[in-house]
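# Fold and contact review
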Amino acid sequence: MANMVGQVLESHKITFQEDELPPKGLGHNKALHITVQCEDYFITRILIDGGYSLNICLLVRLKKLGKGLHEIKDEAINVKAFDSSQRSTIGEISLCRQMGPTWFEVDFQVIDVPASYNLLLGQPWIHSARAVASTLH
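Here we summarise the structure given alongside this text. (Residues numbered from 1 in each chain as written. Predicted model: local features only at pLDDT ≥ 70, side-chain atom pairs only at ≥ 80, totals over all residues. Heavy atoms only, no water.)

### Re the pattern of salt bridges
Cut-off, in case you're wondering: One speaks of a salt bridge when a side-chain nitrogen belonging to Lys or Arg is within 4 Å of a carboxyl oxygen belonging to Asp or Glu. Here the term buried applies to any residue with accessible area under 20% of the maximum for its type, exposed to any over 50%, and partly exposed to those in between, with areas from a 1.4 Å probe on protein chains only. The way it works is that DSSP assigns letters per residue, a run of H or I at least four long becomes a helix, a run of E at least two long becomes a strand, and they are numbered from the N terminus.
Inspection of the entire model under this criterion finds 2 salt bridges. Of the charged contacts, one joins glutamate 71 and lysine 67 as a salt bridge, the two residues approaching to 3.8 Å between their closest N and O atoms. We classify glutamate 71 as partly exposed; its relative accessible area is 34%. In this structure, glutamate 92 and lysine 73 form a salt bridge, with 3.9 Å as the shortest nitrogen-oxygen distance. Taken as a pair, glutamate 92 in strand S8 (residues 91–99) and lysine 73 in the loop between helix H1 (59–64) and strand S6 (78–80) lie far apart in primary sequence, 19 residues in all. Residue lysine 73 is classed as partly exposed on the basis of its relative accessible area, which comes to 37%.

### A closer look at a negative patch on the surface
Quick note on the threshold: Patch building starts from residues that exceed 30% relative accessible area and form no salt bridge, then joins like charges within 9 Å and nonpolar side chains (Val, Leu, Ile, Met, Phe, Trp, Tyr) within 5 Å. Residue burial considers only the protein chains on display, and all accessible areas are found by Shrake-Rupley using a 1.4 Å probe. In this tally, Lys and Arg are treated as positive and Asp and Glu as negative; His is ignored, and so are the chain termini. A single reference atom marks each charge: NZ on Lys, CZ on Arg, CG on Asp, CD on Glu.
Among the surface-exposed residues, Asp74, Glu75, Glu105 and Asp107 lie close enough to one another that they form a single negatively charged patch. Its place among the elements puts glutamate 105 in strand S9 (residues 102–111). For glutamate 105, a relative accessible area of 57% corresponds to the exposed category.

### A look at the side chain of asparagine 55
Worth spelling out the cut-off: N or O atoms within 3.5 Å of each other form a polar contact, as long as, within protein, one can give a hydrogen and the other can take it, and as long as residues adjacent in sequence are counted only when both atoms are side-chain atoms. Only heavy atoms matter for contacts: two residues are in contact if any of them lie within 4.5 Å across the pair.
One can find asparagine 55 in the loop between strand S4 (41–48) and strand S5 (56–58). Reaching out from asparagine 55, the side chain makes a polar contact with the backbone oxygen of aspartate 107 at a distance of 3.2 Å. A distance of 2.9 Å separates a polar atom in the side chain of asparagine 55 from the backbone nitrogen of glycine 122. Setting aside anything within four residues of it in sequence, one finds asparagine 55 in contact with Val106, Asp107, Phe108, Gln109, Leu120, Leu121, Gly122, Pro124 and Trp125.

### Comments concerning the sheet that holds strand S10 (residues 119–121)
As a reminder, the rule being used: Strands pair, by our definition, only if DSSP identifies at least two bridges between them. Here an angle of 0 to 180 degrees is reported between the N-to-C directions of two axes, which are lines fitted to C-alpha atoms, with helices fitted over the stretch in contact.
What the 6 strands build is a closed barrel, ordered S3-S4-S10-S5-S9-S8; its pairing is mixed. Each adjacent strand pair in this sheet contributes to an overall mean axis angle of 45 degrees, direction not counted.

### Observations regarding unusual backbone geometry
One non-glycine residue, arginine 45, lies in the positive phi region at around 55 degrees. Here arginine 45 lies in strand S4. Using a relative accessible area of 42% as the deciding quantity, one classes arginine 45 as partly exposed.

### Here we look at the environment of serine 53
Counting through the fold element by element, serine 53 comes out in the loop between S4 and S5. Put simply, serine 53 and glutamine 123 are 70 residues apart on the chain and 5.2 Å apart in space, counted from C-alpha to C-alpha. Every residue in contact with serine 53, bar those within four places of it in the chain, is listed here: Gln123 and Pro124.

### As for the environment of isoleucine 43
Tracing the sequence through the fold places isoleucine 43 in strand S4. When the C-alpha positions of isoleucine 43 and arginine 97 are compared, they lie 9.5 Å apart, and in sequence the two are 54 residues distant. When residues no more than four places from it in sequence are discounted, the contact partners of isoleucine 43 are Ile34, Thr35, Val36, Cys38, Arg61, Leu65, Asn118 and Leu119.

The values reported here are purely geometric and, on their own, carry no functional implication.
Given below as structure tokens:
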């Protein structure tokens, strides 16, 4: 699987090796992106952001997953974007995605904005997965 960092252990943990550090080593400031399976597709550039209180799915990505607007629950909310502007989401959708050997049913707020990521996994997923996101690797 492309961009798969580390090794998934039978104990449902992801570990990293020192040689997987970016070239700048401990001094890098790159975001934490992963690749996962979502439904029948592999999705790259999934941003893990422990400072964000929502899971976000971009509308363009949702359409590439073969999902229609009729599958989005009408639960729109206002969110603050990275640039501090206020945006309204389209609604909410649940997607089944695999990380390592574990499948998660994840609720995403759907938003129609340009972004450098395909999905954003924030505190709701991090807490439900009982994960600790390490941006070091």
